[in-house]
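For reference, the chains in residue letters:
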Amino acid sequence: MRPRGRFITLEGGEGAGKSSHAARLAEWLKGQGVAVLVTREPGGSPRAETLRRLLLSGRFAAQGPDAEALAFALARADHLAVTIRPALEAGTWVISDRFMDSTHAYQGAAGADPSLLELLDQIVVGFNRPELTLVLDVPADVGLKRTEKRANGPDRFERDAIELHEARRRAFLDIAAREPERCVVIDATGEKAAVAEAICKAVSERLRPGAMGAA
Ligand code: TMP
């Protein structure tokens with residue numbers, strides 16, 4: 001039986017480059033002989049992808065940040081049950097593009113009740129907290145400029161005021177400062193190759209994928 005897989009999350013504001021770095025990290029890990037699954041939130045399972053469409057269209061926005069946090073948590077519960085836990089149990093490493101910290105940063109910065117967010121983590125995430133969280137950090141204006149190049153236009157969260165984007169960035173940095181044993185902040189303003197190297201270095205130091213042996 002293969003040992004349980006390791007759980008890595010990538011977090012950060014808009015335009016931080018999480019999706020492309022998740023894919024690059026997966027390729028690098030595969031090169032180390034590790035079986036890897038890349039997934040994302042909201043989404044990562046059929047039901048959670050349905051919730052993703054509703055959440056990003058702004059369908060829950062009028063109900064306020066507590067209701068949005070509940071909807072993200074519902075999607076997360078399904079994602080964990082259907083995709084993440086089975087993969088980890090099969091010995092596959094999981095890289096999730098966003099996870100629970102996004103709820104604290106986004107819904108938290110929008111005024112969600114902090115005790116509700118803590119409770120949701122306890123109920124939904126429980127012992128399935130990531131072992132390593134890479135916080136890709138870019139100034140809010142730099143990140144938003146990058147997203148302007150995307151073809152499909154801004155979603156419900158990208159449209160928010162710059163002050164809210166800045167508050168989310170501070171929230172991610174606060175989480176990283178509070179949990180240094182789990183989180184590593186990566187400066188994501190530089191060249192893609194340099195950022196990718198910093199990410200692989202952090203994973204290598206924290207999780208030692210080479211020591212896993214061939215998958
Ligand atoms: P993305 O996959 O392009 O980053 O889009 C996901 C959006 O959803 C992004 O704006 C962040 C937001 N989000 C939250 O507000 N709360 C959450 O818990 C998660 C996972 C994402």
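Residues numbered from 1 in each chain as written. Predicted model: local features only at pLDDT ≥ 70, side-chain atom pairs only at ≥ 80, totals over all residues. Heavy atoms only, no water.

Describing the sheet that holds strand S1 (residues 7-12)
- Read across the open sheet, the five strands follow the order S2-S3-S1-S4-S5; overall the sheet is parallel. Every other strand in the sheet has two partners, leaving strand S2 (36-40) and strand S5 (183-187) as the edge strands with one partner each. Going across the sheet, the axis of each strand differs from the next one's by a mean of 20 degrees, ignoring polarity.
- Pairing analysis gives five bridges linking S2 to strand S3 (residues 93-97), with the strands arranged parallel. Note that in S3 the partner of Val 36 across the bridge is Trp 93.
- Contacts from helix H3 (residues 65-89) reach S1, S2 and S3, with the element oriented near 160 degrees to S2. (Pairing = 2+ DSSP bridges. Helix = DSSP H or I, 4+ residues; strand = E, 2+ residues; numbered from the N terminus. Axes fitted to C-alpha atoms, helices over the stretch in contact; angles between N-to-C directions. Contact = heavy atoms within 4.5 Å.)

Remarks on the site of the ligand
- Taken together, the neighbourhood of the ligand is formed by 14 residues, with Glu 14, Arg 52, Arg 98, Thr 103 and Gln 107 sitting nearest.
- Side-chain polar atom of Arg 76 to an oxygen atom of the ligand: 3.2 Å apart, as the coordinates give it.
- The side chain of Arg 98 places a nitrogen or oxygen atom 2.8 Å from an oxygen atom of the ligand.
- Surface burial for the ligand is 94%, taken as the share of its 470 Å² of free accessible area covered by protein chains.
- Elements represented by at least two residues in the shell around the ligand include exactly helix H2 (46-57), H3 and helix H4 (100-109).
- By residue number, the principal contributor to the shell around the ligand is H4, which donates four residues. (Near = heavy atom within 4 Å. Polar contact = N/O pair within 3.5 Å; in protein donor to acceptor, adjacent residues only side chain to side chain. Areas by Shrake-Rupley, 256 points an atom, 1.4 Å probe, with all protein chains shown as cover.)

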